[in-house]
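Architecture and fold: a report
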Amino acid sequence: LLGTSLSSSQEITIPKGDLAGPTPFVGAYYFNWYNIEDQWKRYSQTRHPVLGHYDQSDPAVLVKHHAWAKQGGIDFFAMAWSGGGSDLINWERADEIDRRVTSHLKMTDGVQVALMYNIRDFVQAGSHGKIDLSEENYCAIISDHLVYAAQKHFPEENYFKVGENPVIFLYTLRDYVNYVDCLKLALERMLLETGYVPYIIGDSVWWSPSPEKFDWKDYHSINVSAVTAFSTFDAGQPHRMGHNFAWDNSQLFHDMIKPAWAEQMIVIPSIMPGFDDRHMRGRDRPTIDRAHGAELVQQWKQVLWYPMCQTKILGLMKRMQRNILGFQFNVRPRTKKGRESMEAKGSALLTPPMIMINSFNEWHDGTEIEPSTEEGENMLHLIAQLKHEVKNEEMFCGKEKDKNFRAPKFITPKLFNENSRTPADEMFVRGMSVLMWFFLMWMIWMFGGQMLLHYTGRAPNKYKDDDLGAFGSKRGNSGGMFADFAPKCIPTEVFMNGAKYPKRVPTVMTLAALAATGFVCFLLVTLFFGHTPVVGWFEDRAHEWERRGHSNVRRAREIAHKLCPQLVLNLHKAKFEDWVRKLAANQISQLEFRDEMCGDKALHTREIEAIYLELLGREPEPKGLEHYEKAVEEGRMHLDDVRLAIQNSPESTDYQQMRQAYKTKISKFMVAPFGVLKNAIETVKRKEKKERAEILASLDLVQAKVQEYINAGETDKANELLADYKNANSARVALKGPRKMGKEEGSRHDTMMDDWDVA
């Protein structure tokens, strides 16, 4: 998985992101600040780049970064950008970053560029890190920056767009304060002067506050189309920053679904290969271990639902297709291009499948996927393999449509179902429900049975009439049929108003009342286990159970990556995932996993060789092996296709017929001696004396037959016969024990074995 060379990864055709899915756009956050202010020396790094302490003003570095990104299946860079084109602020660092962004936009290798607007570089953050745009002249600066970006960068052919709308990320949008009017005016100015309506992605996903408390209405009013996270690492929550980070990270994005969809926004997940900034901020900081790539794979699989299913589900919702502008502009674009941009924004497919990776080259936080001297190109190759496998992923998105239901049905990605329970809790609830139902029925019968019979039963047949029961009946009516089989339901006599009355027997009304009582008890039990606190308690247990299960899978994946450093992921994904989960559940040992999945050769090569041995009875010739290897690696064939092709070959048919004939034809000379030995073993079990005599006879027979074969030059037959004898003798020793062989027979046995070995 990690040690495959660059040449092998180049053989894989990595699909580009597709607006219609399922292959997602893969974006990586990119930083252009090396080496503007002696960045390398000011801040330490965990790993070291292959290019050394490079300067990004060097065109060779830019070309190399784009080549690596294309190799890893990266569709676009989201580049940190501090603005430009404003007379209200003069900052050489921002101008240099802007020049480098321009250089990237001139590239034509297929790796596109989007801006990640970082106003923190020039806006002073207030308490709790909040950014108040109503202070000073921040709003005017932002307006200048956005119009400058629309005039200089958006028209470039290499700028990343959704439909006709250029994508722009707003870094830490969650911390903006008093920003609605400011950004709305800036966007109106951009539309009026340039005709562009941007596709805004807000960096809003974070651990606090809860998603329900987000400013969703404000996001909608400034036309935010999607929400994501630059990073979800939080040093203040070390319990989340470990083996369970992939689980907690996916849960965080899941919690954003309902409020985001309600405001016509999509959720774009963000993953990272790991996190380690201890060299820069202190050794006591929590970390997310990269685990030889296992962490990245686990996070990818946890959030893959979003790019694969949001497009499919929201594409069926007509309300997500048009009228996406969050507010009505007070101006109309003066140019035809501007009007087309507005129309495209209103009708474009608004659910581009997308996954963001933090980051391509943030070396100080230890999140980089750029090749390092410690890991080489491993992370790039891993991302390429994961993206290549998306089309083969089996993902359940929910019920999209019913024939008899016009509106589409869909589900949100719950990692555990609502009202869910662990298997043990499910058995407990079922058992307790039955016990509680019987207990309630018993209590009602014990304390209310007499009254129930009094009002719904009737007198026994020997009484002509019973004038007490409101539903009493005379002999001969429909209630009489129960008098014969239930006269002893209540063993005591009934007392009413001080008078003693005889026993009563049930009627149809009694049984109906009992059925109604049972149904009421069932409802009471159901309501109890459906009560919100009870459901919440079981859900918490189920959530923690699922969380521990995913933690085990994450640890098993790390072990698997360590055991099989040369494993090629895309060629056996289903089997690899199956065995990782077996390893997580302790169904197999690490040794069994290594023997099955790892080896000097790639797994698909070993499986092709095994198919040859099974179906043809020989090792594959180099040319044939190379043909099938290449077909599997390029995705033109699966291993099942290889098996079918070999199985249908004439050679395979001849080999199978030969095997069948060999199984049915057994020479008599091989059956007779072995039969004698078998009889000798059975004789040993019955009598000790006869045992020794029979074994001596069998020794004579075997020895004579062996000598006969040797004299005839048929050493192979002699060897096979002797092997049969050894097996029979081993079976006899196992049955009767080694001490049962007499001195004479043991001596002759050893002599014959020694003579034969010498020969």
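Residues numbered from 1 in each chain as written. Predicted model: local features only at pLDDT ≥ 70, side-chain atom pairs only at ≥ 80, totals over all residues. Heavy atoms only, no water.

Things to note about the overall build of the protein chain
The condition that has to hold: Secondary structure follows DSSP: runs of H or I at least 4 residues long count as helices, runs of E at least 2 residues long count as strands, and numbering of each begins at the N terminus. Exposure is judged per residue with a 1.4 Å probe applied to protein chains only, and the accessible area is read against the type maximum: over 50% gives exposed, under 20% gives buried, and values in between give partly exposed. Residue contacts follow a heavy-atom distance rule, with two residues in contact if any of their heavy atoms lie within 4.5 Å. Computed by Shrake-Rupley with a 1.4 Å probe, the accessible areas treat only the displayed protein chains as cover when residues are assessed.
What the protein chain contains, in helices and strands, is 27 helices and 14 strands. The burial tally for the protein chain puts 49% of its 759 residues in the buried class. Counted over contacts in the protein chain with a minimum sequence separation of 6, partners at least 24 positions apart contribute 77%. With an accessible surface of roughly 38,000 Å², the protein chain has 53% of that area assigned to carbon and sulfur atoms.

What to know about the confidence of the model for the protein chain
Interpretation of this model should avoid reading the predicted coordinates in detail wherever pLDDT is low. Rule in force here: The predictor reports its confidence for every residue as pLDDT, a score running from 0 up to 100.
With 73% of its residues at a pLDDT of 70 or more, the protein chain shows a mean pLDDT of 78. Confidence over residues 399–412 falls short of pLDDT 50; this stretch has 23 contacts with residues more than four positions distant or in other chains.

As for a nonpolar patch on the surface
As a reminder of what qualifies: For patch detection, residues must exceed 30% relative accessible area and be free of salt bridges, and they are connected within 9 Å for like charges or within 5 Å for nonpolar side chains (Val, Leu, Ile, Met, Phe, Trp, Tyr). Salt bridge, as used here: a side-chain nitrogen of Lys or Arg that lies within 4 Å of a carboxyl oxygen of Asp or Glu.
Taken together, the side chains of Phe519, Val520, Phe522, Leu523, Leu524 and Leu527 make up a nonpolar region of the molecular surface, amounting to roughly 590 Å² of accessible area. With respect to the secondary-structure elements, Leu527 resides in helix H16 (residues 508–529).

What about the packing of aromatic side chains?
Note the cut-off: Put simply, two rings from Phe, Tyr or Trp (the six-membered ring, in Trp's case) pair if the centres are within 6.5 Å, and we call them stacked under 30 degrees between planes, edge-to-face over 60, tilted for the rest.
Within this structure, the stated rule accounts for 31 aromatic pairs. Arranged with centres 5.1 Å apart and planes meeting at 65°, the rings of Phe77 and Phe360 form a pair that is edge-to-face. Highlighted residues: Phe77 in strand S2 (residues 76–81) and Phe360 in the loop between strand S12 (354–357) and helix H14 (378–389), separated in sequence by 283 residues. Judged by relative accessible area, Phe77 falls into the buried class, the value being 0%. Relative to Trp216, the ring of Phe214 lies with its centre 5.6 Å away and its plane at 20°, an arrangement referred to as stacked.

Brief notes about the pattern of salt bridges
Under the defined criterion, the tally for this structure stands at 37 salt bridges. Taking the shortest distance from any N to any O, the salt bridge between Glu96 and Arg99 comes out at 2.7 Å. Of this pair, Glu96 and Arg99 are both found in helix H4 (residues 92–105), three residues apart, which corresponds to roughly one turn of the helix. A salt bridge links Lys152 to Asp98; the nearest nitrogen and oxygen atoms lie 3.5 Å apart. Of this pair, Lys152 sits in helix H5 (residues 138–152) while Asp98 sits in helix H4, and the two are 54 residues apart along the sequence. With relative accessibility at 34%, the residue Lys152 sits in the partly exposed group. In this structure Asp98 comes out as buried when scored by relative accessible area, which is 3%.

What about the layout of surface pockets?
Rule in force here: Points on a 1 Å grid, built from protein atoms alone, make a cavity when a 1.4 Å probe fits but cannot get out and make a pocket when they are open with protein on both sides within 12 Å along at least 5 of 7 lines; residues with an atom within 4 Å of a point are the lining residues. Grid points are joined across faces, edges and corners, and a volume is the space filled by probe spheres set on the points. Residue type decides the class: Asp, Glu, Lys and Arg count as charged, Ala, Val, Leu, Ile, Met, Phe, Trp, Tyr, Cys and Pro as nonpolar, and the leftover types, Gly among them, as polar.
Its volume calculated, the largest pocket comes out at about 1,100 Å³. Looking at the largest pocket, it is lined by 45 residues, and the ones nearest its centre are Arg120, Tyr171, Thr172, Arg174 and Phe230. Secondary structure elements with two or more residues in the lining of the largest pocket: S2, H4, strand S7 (176–177) and helix H10 (278–281). Here the residues of the lining of the largest pocket are counted per class, giving 19 nonpolar, eleven polar and 15 charged.

Here's the deal with the state of the cysteines
Using the following cut-off: Cysteine sulfurs are considered disulfide-paired once they come within 2.5 Å of each other.
Overall, the coordinates contain one disulfide when judged by the stated rule. Each sulfur of the disulfide joining Cys139 and Cys182 lies 2.3 Å from the other. Across the disulfide from Cys139 to Cys182, rotation about the S-S bond amounts to roughly 120°, and the bridge is consequently right-handed. On the criterion of sequence distance, the pair formed by Cys139 in helix H5 and Cys182 in helix H6 (residues 180–194) is long-range, its members being 43 residues apart. Note on Cys182: relative accessible area 6%, which makes it buried.

Focus: the packing of helix H8 (residues 245–255) against helix H11 (residues 294–303)
Inclusion rule: An axis is simply a line fitted to the C-alpha atoms; with a helix, the fit covers only the stretch in contact. Between two such axes, the angle follows the N-to-C directions and lies from 0 to 180 degrees. In this scheme, roughly parallel covers angles under 35 degrees and roughly antiparallel covers those over 145, while 65 to 115 is roughly perpendicular and the rest are oblique. Helix crossings are classified by the rotation of the near helix relative to the far one: an anticlockwise turn of less than a right angle makes the crossing left-handed, while a clockwise turn makes it right-handed.
As a packed pair, H8 and H11 sit with axes 9 Å apart at the nearest point and diverge in direction by 30°. Judged on the interaxial angle alone, H11 and H8 are roughly parallel. Crossing of H8 against H11: the hand is right-handed. Only Glu295, Gln298, Gln299, Gln302 and Val303 of H11 make contact with H8, whose side of the interface consists of Phe245, Ala246, Trp247, Asn249 and Ser250. A class-by-class count of the residues in the contact of H8 with H11 yields four nonpolar, five polar and one charged.

Structural notes on the packing of H11 against H14
Put simply, H11 and H14 touch, their axes get as near as 11 Å, and they point 25° apart. Viewed along their axes, H11 and H14 adopt a mutual orientation that is roughly parallel. Read as a crossing pair, H11 and H14 show a hand that is right-handed. On H14, the residues that touch Leu296, Val297 and Trp300 of H11 are Met379, Leu382, Ile383, Leu386 and Lys387. A per-class count over the contact of H11 with H14 returns seven nonpolar, no polar and one charged.

Description of the pairing of strand S8 (residues 199–203)
Quick reminder of the rule: DSSP bridges decide pairing: two strands pair if at least two such bridges lie between them.
Within S8, five of the five residues are buried, which leaves the element mostly enclosed by the surrounding structure. Of the two faces of S8, the one carrying Tyr199, Ile201 and Asp203 and the one carrying Ile200 and Gly202 are both buried. Bridge analysis of strand S6 (residues 165–170) against S8 gives four bridges, and the strand direction is parallel. Among the inter-strand pairings, Leu170 is bridged to a residue of S8, identified as Gly202.

A few points about the pairing of S2
The condition is simple: Consider the strands pointing away from the viewer: the crossover is right-handed when the path from the first strand over the helix to the second runs clockwise.
Burial analysis of S2 places six of its six residues in the buried class, which makes it a mostly covered element. Because side chains alternate across S2, one face comprises the buried residues Phe76, Ala78 and Ala80, and the other comprises Phe77, Met79 and Trp81, equally buried. In this sheet, S2 lies alongside strand S1 (residues 25–30) in parallel orientation, the contact comprising four bridges. Within S2, the residue paired with Tyr30 across the bridge is Met79. Judged from the six bridges that link them, S2 and strand S3 (residues 112–117) form a sheet pairing that is parallel. Within S3, the residue paired with Phe76 across the bridge is Gln112. Read from S2 through H4 to S3, the crossover connection turns out right-handed.

Structural notes on unusual backbone geometry
Cis peptide bonds are those with omega within 30 degrees of zero, and the linkage from Ser208 to Pro209 qualifies with -5°. Along the polypeptide, Pro209 turns up in the loop between S8 and helix H7 (216–221). The omega torsion of the bond from Asn358 to Ser359 falls at 10°, within 30 degrees of zero and hence cis. Mapped onto the elements, Ser359 comes out in the loop between S12 and H14. Phi at Asp38 takes a positive value of approximately 55°, unusual for a residue other than glycine.

Some points on helix H3 (residues 59–71)
Here is the rule: Here the expected length of a helix is defined as 1.5 Å per residue gap, with one fewer gap than residues.
The end-to-end C-alpha distance of H3, which contains 13 residues, comes to 19 Å, matching closely the 18 Å that a straight helix rising 1.5 Å per residue would cover. The set of residues buried in H3 consists of Val61, Leu62, His65, His66, Trp68, Ala69 and Gln71.

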